Amino acid sequence: ENEESKKNLPFHEMEIDERILKAIAKLGWIQPTLIQERGIPLLLEGKDLLARGRTGSGKTGAFSIPLIQRILDIKGKNDGSLTQAVRGVVLCPSRELARQTTQVLNALANSCVGIIRIVDIGAKDVSAVKPLLKDLPDIIVGTPGRLAQHIKEKNVDLSVSLEVLIIDEADLIFSFGFEADIRYILENLPPIYQAVLTSATLSDDVERLKKLVLNNPVILKLSEPDLPDSSQLTQYMFKLEEEEKYVLIYALFKLQLVRGRTIIFVSTDRKSVV
Ligand code: AMP
């Protein structure tokens, strides 16, 4: 690597539209993260990308910024003949991740109101989403299961219009059992589109998907020295009844079975333990 490529490339020196730059500033993102600095210029060039990046790396921004830019470019060149269509798809392993990704996309498209519309097909039931898809949003975000279902029911047709496919956390998508849905979706896409895969690990499943979806991709393996390697992580799972949770967590701390600083992830803070 030469010195030139190590120089920090700020957002405003990338080929990013003013409206997106404004949204980035509003989010308080001052410097791009490593994956953004390396990934955004490649994606703006139209390259396919495989990015090894965990949650926390800034990967959502890394694929969302070029996706919005691409749609702004297409719509900006419109001489009146352009028809509204679904041009971007982001596949996520869970509805919760789809919701979070939609939030980031909406924040980045905040200054593009009336130009870019994003629909999360994750949370709402299939029939509630159907009319939203009829309006042909520019970007749809959701799980492979939901998208496959909408394609089957002919609520959405991507076979001509799709320009960019993003498969986020591909390893999780496989471990959540979405393989058949992914295959079905791929069979219903146009022959050429830009594709992005993100994955924390490169499992055999991801390798296969890479061969299936990506065309001559750039592979970004970014070292993240601040994060522990997965070999340093130990995971346990307890299957518990509601009431047992309190006893368990009390015991874990009282008996000092968990040492050092602790972060507890919960779905709601309405039920306080302490
Ligand atoms: P992600 O890895 O995409 O899930 O992002 C992790 C967190 O980093 C999110 O809370 C983002 O809002 C935040 N983030 C992403 N990019 C930047 C940036 N360039 N500067 C500061 N924070 C960022």
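Scroll up for the structure.
Q: What exactly am I supposed to notice about the overall build of the protein chain here?
A: Per the secondary structure count, the protein chain includes 11 helices and 7 strands. Its C-alpha radius of gyration of 20 Å places the protein chain within 12% of the 19 Å reference for a compact globule of 274 residues. On the principal axes, the C-alpha backbone points of the protein chain span a range of 70 × 55 × 40 Å. By residue count, 42% of the 274 residues in the protein chain fall in the buried class. Both charge centroids of the protein chain, one from 35 positive and one from 37 negative side chains, sit 3 Å from each other.

Q: I would appreciate a short explanation of the nonpolar core in the present structure.
A: If you look at the biggest cluster of nonpolar residues, it comprises 35 residues, and the most contacted ones within it are I68, V90, I116 and I139. Among the secondary structure elements, those contributing two or more residues to this core are α2 (18–27), α3 (34–44), β1 (49–52), α4 (59–76), α5 (95–108), β4 (139–142) and β5 (164–167). A total of 7 residues in this core trace back to one element, the largest contributor, which is α4. Apart from residues lying up to four places away in sequence, I68 is in contact with I20, L105, L108, A109, I116 and I139. Among the nonpolar cores identified, the runner-up in size contains 32 residues, and A148, L158, I167 and F178 belong to it.

Q: So what exactly am I meant to see when it comes to the site of the ligand here?
A: With respect to spatial proximity, 13 residues lie near the ligand, and among them Q31, Q36, G56, G58 and T60 are the closest. Contacts to the ligand include Q31, whose backbone N or O atom sits 2.8 Å from a nitrogen atom. Taking Q36, its side chain carries an N or O atom lying 2.8 Å from a nitrogen atom of the ligand. For the ligand, the protein covers 64% of the area, taking 500 Å² as the surface of the free molecule. The class makeup of the residues in the shell around the ligand is 3 nonpolar, 8 polar and 2 charged.

Q: Is there a simple way to think about the packing of aromatic side chains in this case?
A: The relation between two aromatic rings is expressed through the spacing of the ring centres and the mutual angle of the planes. In the structure shown here, the tally under the stated rule is 0 aromatic pairs. A cation over an aromatic ring shows up here: K152 above the ring of Y184, its NZ or CZ 4.7 Å from the ring centre.

Q: Teacher, can you tell me more about the pairing of strand β6 (residues 194–199) here?
A: Within a regular strand, the side chains alternate between the two sheet faces. Here β6 lies mainly inside the structure; 6 of its 6 residues are buried. Side chains Q194, V196 and T198 project from β6 onto one buried face, and the interleaved A195, L197 and S199 project onto a second face that is buried too. As paired elements, β1 and β6 share 4 bridges and run parallel to each other. Along β6, the bridge assignment pairs L49 with V196. Sheet analysis places β5 next to β6, joined by 4 bridges and oriented parallel. Paired with I166 across the two strands is V196, which belongs to β6.

Q: Please explain the pattern of salt bridges as it appears in this structure.
A: Pairing between side chains of opposite charge can happen when their charged atoms approach one another. Going through the model one piece at a time under the given rule, you end up with 12 salt bridges. For the salt bridge of E207 with K210, the shortest nitrogen-to-oxygen distance reads 3.6 Å. Here E207 pairs with K210, and both are found in helix α10 (residues 204–213), just 3 residues apart, close to one helical turn. Given the relative accessible area of 25%, E207 is considered partly exposed. Through salt bridges that share partners, E179, R183, D205 and R208 make up one connected network.

Rules used in this analysis
- Residues numbered from 1 in each chain as written.
- Predicted model: local features only at pLDDT ≥ 70, side-chain atom pairs only at ≥ 80, totals over all residues.
- Heavy atoms only, no water.
- Helix = DSSP H or I, 4+ residues; strand = E, 2+ residues; numbered from the N terminus.
- Rg over C-alpha atoms; globule rule 2.2 N^0.38 Å.
- Buried < 20%, exposed > 50% of the residue type's maximum accessible area, 1.4 Å probe, protein only.
- Lys, Arg positive; Asp, Glu negative; His and termini not counted.
- Charge placed at Lys NZ, Arg CZ, Asp CG, Glu CD.
- Core = buried A, V, L, I, M, F, W, Y, C linked by side-chain atoms within 4.5 Å.
- Contact = heavy atoms within 4.5 Å.
- Near = heavy atom within 4 Å.
- Polar contact = N/O pair within 3.5 Å; in protein donor to acceptor, adjacent residues only side chain to side chain.
- Areas by Shrake-Rupley, 256 points an atom, 1.4 Å probe, with all protein chains shown as cover.
- Nonpolar A, V, L, I, M, F, W, Y, C, P; charged D, E, K, R; others polar.
- Phe/Tyr/Trp six-rings, centres within 6.5 Å; stacked < 30°, edge-to-face > 60°.
- Lys NZ or Arg CZ within 6 Å of the ring centre and 35° of its normal.
- Pairing = 2+ DSSP bridges.
- Salt bridge = Lys/Arg side-chain N within 4 Å of Asp/Glu carboxyl O.

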